[in-house]
Amino acid sequence: MTLGEWTNELCTALGIEVEVEIDAILDLARDAAHQIDRPAAPITTFLVGYAAASRGGKPSDLEDCVDIASELVAQHDEG
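The structure reproduced in this document is the subject of the present report. Remember, predicted model here, so these are calculated numbers, not experimental data.

**Points about the overall build of the protein chain**
- Secondary structure summary: the protein chain contains four helices and zero strands in total.
- Listing the helices and strands of the protein chain from first to last along the sequence gives α-α-α-α.
- For 79 residues, the compact-globule estimate of 2.2 N^0.38 gives 12 Å, and the protein chain sits close to it at 13 Å.
- Dimensions along the principal axes, computed over C-alpha positions, put the protein chain at roughly 40 × 30 × 15 Å.
- Within the protein chain, the proportion of its 79 residues that are buried is 20%.
- Put simply, 37% of the contacts in the protein chain that link residues at least 6 apart link residues at least 24 apart.
- Element-wise, carbon and sulfur atoms account for 55% of the exposed surface of the protein chain, whose accessible area totals about 5700 Å².
- The positive charge centre, built from 4 side chains, and the negative charge centre, built from 16, are 4 Å apart in the protein chain.

**Considering the side chain of Thr7**
- Within the secondary structure layout, Thr7 lies in helix H1 (residues 3-14).
- With near-sequence residues (within four places) excluded, Thr7 lies in contact with Val20 and Ile22.

Conventions adopted
Residues numbered from 1 in each chain as written. Predicted model: local features only at pLDDT ≥ 70, side-chain atom pairs only at ≥ 80, totals over all residues. Heavy atoms only, no water. Helix = DSSP H or I, 4+ residues; strand = E, 2+ residues; numbered from the N terminus. Rg over C-alpha atoms; globule rule 2.2 N^0.38 Å. Buried < 20%, exposed > 50% of the residue type's maximum accessible area, 1.4 Å probe, protein only. Contact = heavy atoms within 4.5 Å. Areas by Shrake-Rupley, 256 points an atom, 1.4 Å probe, with all protein chains shown as cover. Lys, Arg positive; Asp, Glu negative; His and termini not counted. Charge placed at Lys NZ, Arg CZ, Asp CG, Glu CD.

The structure is reproduced here in structure tokens:
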């Protein structure tokens, strides 16, 4: 099963319709795991998804939340 197939199957099972930016989410998870701590990856992606849903769940909401989290992770990489 491909990641795209799994994502579609999971969305269907959860009863949600969402445009998933897989690459952006994976990039954020990778950066959080490497620059913060490995367990930060699933927590970060969960919180970003939760925040995006709280803002309305539009693709732009997800993009905004990914950007915020990515900037925060980058600050920790620089410091």
